[in-house]
Amino acid sequence: MGIRLTTAIVLALALVSGGHVGAQVSREAPAGASSTGRMSPAGEPGDRLHVSGVVVGPDGAPVASVSIYAYQTDREGYYGVKPASDNRNPRLFLLLRSGARGEWSFETVRPGSYPGSRVPGHIHFEIVAPGFASKIFEIVFEGDPFVTDAMRRNPAFSVRPIEPAPQARAPARVTERIVLARR
């Protein structure tokens, strides 16, 4: 195959895949992004969740200004407006930067399992920070019947309990400690 044809194919693949051939597209939060946000709009059907945590380095020290891209399905398991379900263009997503003490949080609804599947409801995370390896993982929820023992052992999953709401009409709570590895 000639070099021009090879180059044309690579460029076409890059355009189709959002600029990343053979890799998941990484979305990075703007430098001034907030450490808090709302993933689901007010009035989104579903059980409300407050998801929060901290980003730390391998030594346990907080890491500030880390880009956090999180996205999920709605309560029925769809990424887009039903029946669309394209995880490359999710309807429920947000971009955050961890605060001065590595803290971050957002409000959302509990995601549903993909329709007709045995995939547990989950929230995707893509973490990017200078000097650290990128981290991609999913939070799945303790008590979900589709969480497997293999998921519990796999670092691509974080099985987290959902804590009851601290007061009436408040969202239930999920916390996550994101530990980054040095490059």
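Reading guide: rules and limits
- Residues numbered from 1 in each chain as written.
- Predicted model: local features only at pLDDT ≥ 70, side-chain atom pairs only at ≥ 80, totals over all residues.
- Heavy atoms only, no water.
- Helix = DSSP H or I, 4+ residues; strand = E, 2+ residues; numbered from the N terminus.
- Buried < 20%, exposed > 50% of the residue type's maximum accessible area, 1.4 Å probe, protein only.
- Contact = heavy atoms within 4.5 Å.
- Pairing = 2+ DSSP bridges.
- Axes fitted to C-alpha atoms, helices over the stretch in contact; angles between N-to-C directions.

Undergrad: So what's going on with the overall build of the protein chain? Residues and values would help.
TA: Helix and strand counts for the protein chain come out as 2 helices and 9 strands. Listed by position from the N terminus, the elements making up the protein chain come as α-β-β-β-β-β-β-β-α-β-β. In the protein chain, buried positions account for 39% of the 183 residues. Long-range pairs, those at least 24 residues apart, make up 66% of the contacts in the protein chain between residues at least 6 apart in sequence.

Undergrad: Lay out the sheet that holds strand β9 (residues 172-179) in plain terms, naming residues and giving numbers.
TA: Ordered by their spatial adjacency, 4 strands build an open sheet running β1-β5-β2-β9, and the pairing between neighbours is mixed. Both outer strands of the open sheet, β1 (36-38) and β9, are each paired with one neighbouring strand and no more. Across the sheet, the mean angle from the axis of one strand to that of its neighbour is 15 degrees, orientation sign disregarded. For β1 and strand β5 (residues 103-109), the ladder comprises 3 bridges, and the chain directions are parallel. Opposite Gly37, over in β5, you have Phe106 as the bridge partner.

Undergrad: Describe the sheet that holds strand β8 (residues 157-160), naming the residues involved and giving the relevant values.
TA: The strands making up a sheet associate through hydrogen bonds between their backbones, and the pairing can be parallel or antiparallel. In space, the 5 strands of this open sheet follow the order β4-β3-β6-β7-β8, with mixed pairing throughout. Because the sheet does not close on itself, it has two edges, and the strands there are β4 (92-97) and β8. Adjacent strand axes in the sheet meet at a mean angle of 20 degrees when their direction is disregarded. Of the pairings in the sheet, the one linking strand β7 (residues 135-141) to β8 comprises 4 bridges and is parallel in character. Among the inter-strand pairings, Ile139 is bridged to a residue of β8, identified as Ser158.

Undergrad: Would you mind going over the environment of Phe125 in detail, with residue names and values included?
TA: Looking at where Phe125 falls in the secondary structure, it is placed in strand β6 (residues 122-128). The exposure class assigned to Phe125 is buried, which follows from its relative accessible area of 0%. It is 6.8 Å that separates the C-alpha atoms of Phe125 and Tyr71, two residues lying 54 residues apart in sequence. Discounting residues that sit within four places of it in the chain, Phe125 has contacts with Val51, Ile68, Tyr69, Ala70, Trp104, Phe106, Lys135, Ile136, Phe137 and Ile139.

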